[in-house]
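# Topology and contacts: notes
Here are the chains, one letter per residue:
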Amino acid sequence: MRQLTFLFILAVINIVSFQNCGQDFAVRSDLNLASFSAGSSCESQLQPAFEASYGSFLSSTCVACHVPGGPGKGAFAQSNPSAAFSAFLLATSDRIDTLAVSSSHASPFTGTQNQTAINTASATWNQAVAACKAGTGGGSEDSGVVTMPKVMDATATNKDITWNLDTEVASGGGGTGGATFTVAVRKVTAAGYTTYFFNTPRLKAGSKPLHIEDIMIKINGQTQTLGTTWIMANADVAANATVSLATSQLFLEYVDSASDTLAISIGVLETR
Ligand code: HEC
């Protein structure tokens, strides 16, 4: 059975290795928000929102394990707020919500006694995320684009896959003046696992200047929601110019097949 296992994010610095579910290796890093080439307007809004929502709950309730060097996966309970925030983004609020109330995860620290705190934290956080998205570039749902899927045919060498955002789209898009989106893909098979690597996402504007935000990847039609780094992309691109949208690389362990497809979901794409 084909199954997604993990989506890991390899940023440029601060790489942390840790043990992962037994047999295979895993590498993760702190999300280095400063490494985004363009402004990261949500960063300034969301870190305080994290501190006002999950921050103190996690740093008091999960601190026995979720700190640097601790046994817990993801150091989101550490006292350094920006490092805790980065680890939180990687772990995702959904998984934190689930495990915080799970009596089988790390009782007595986790369990249903945390439900009220989690409900409050998640309401505050989700509201901040929604406000942040709405407040950056005025992007509505309508301005998003999903490209058509393309077979990756990945090899061990980086290979560019490019979509024309006027003609190679599954939803949204059109009228961009011939803009293209490109991402490099390669795959590495080691110790029985195949890992896809995605890097150097670029937007090349055509005849019209563009504004772009929130990039996610879709493998075989499934949005990879754990890939939080590129979602912070936010850039203005002058007509006929090319802008690099992220310096971090996404990687995904996958039981691959020759027909695996890649599509790009762009939250906001607007002409300026
Ligand atoms: C006694 C140690 C311990 C405590 C306390 C603990 N955890 Fe964990 N946690 C672990 C370990 C070990 C792992 C890695 C193995 C696993 O996934 O179960 C983990 C993994 C996780 C993951 C998965 C992270 C990822 O990136 O896959 C989440 C989310 C998580 N814990 C949430 C919490 C939350 C929220 C709390 C506090 C309410 C908490 N844990 C308290 C030990 C702990």
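Refer to the structure above for everything that follows.
For the structure given in this document, a descriptive report is provided here.

All right, on to the overall build of the chain then. Secondary structure summary: the chain contains 5 helices and 15 strands in total. Taken across its 272 residues, the chain has 49% of its residues classed as buried. Here the contacts in the chain between residues at least 6 apart in sequence split such that 65% fall between residues at least 24 apart. Roughly 12000 Å² of accessible area belongs to the chain as shown, and the carbon and sulfur atoms make up 55% of that amount.

A few words now on the pattern of salt bridges. Using the criterion set out here, one finds 4 salt bridges in the structure. Arg 272 is the partner of Asp 236 in a salt bridge, and the nearest nitrogen-oxygen pair spans 3.3 Å. Here the residue Asp 236 occupies a position in strand 12 (residues 234–237), and Arg 272 occupies one in the segment after strand 15 (261–271), the gap between them amounting to 36 residues. The partner of Glu 270 in a salt bridge is Arg 272, with the nearest N and O atoms 3.3 Å apart. The exposure class assigned to Glu 270 is buried, which follows from its relative accessible area of 17%. Assessed through its relative accessible area of 53%, Arg 272 is described here as exposed. Via salt bridges that share partners, Asp 236, Glu 270 and Arg 272 belong to a single interconnected network.

Let us look at the coordination of the iron atom of the ligand. Surrounding the iron atom of the ligand are the protein donor atoms His 66 (NE2) and His 105 (NE2), at 2.0 Å. With 6 donor atoms in place around the iron atom of the ligand and angles of 85 to 178° between them, the coordination shape is octahedral. Placement of the pair is His 66 in the loop between helix 1 (41–61) and helix 2 (81–91) and His 105 in helix 4 (residues 103–106), with a sequence separation of 39 residues. Residue His 66 is classed as buried on the basis of its relative accessible area, which comes to 11%. Residue class for His 105 comes out partly exposed when judged on its relative accessible area of 37%.

Parameters at a glance
Residues numbered from 1 in each chain as written. Predicted model: local features only at pLDDT ≥ 70, side-chain atom pairs only at ≥ 80, totals over all residues. Heavy atoms only, no water. Helix = DSSP H or I, 4+ residues; strand = E, 2+ residues; numbered from the N terminus. Buried < 20%, exposed > 50% of the residue type's maximum accessible area, 1.4 Å probe, protein only. Contact = heavy atoms within 4.5 Å. Areas by Shrake-Rupley, 256 points an atom, 1.4 Å probe, with all protein chains shown as cover. Salt bridge = Lys/Arg side-chain N within 4 Å of Asp/Glu carboxyl O. Donors = N, O, S within 2.8 Å, 3.2 Å for Na, K, Ca; no water. Tetrahedral: all angles 85-135°; square planar, octahedral: opposite > 155°, others 65-115°.

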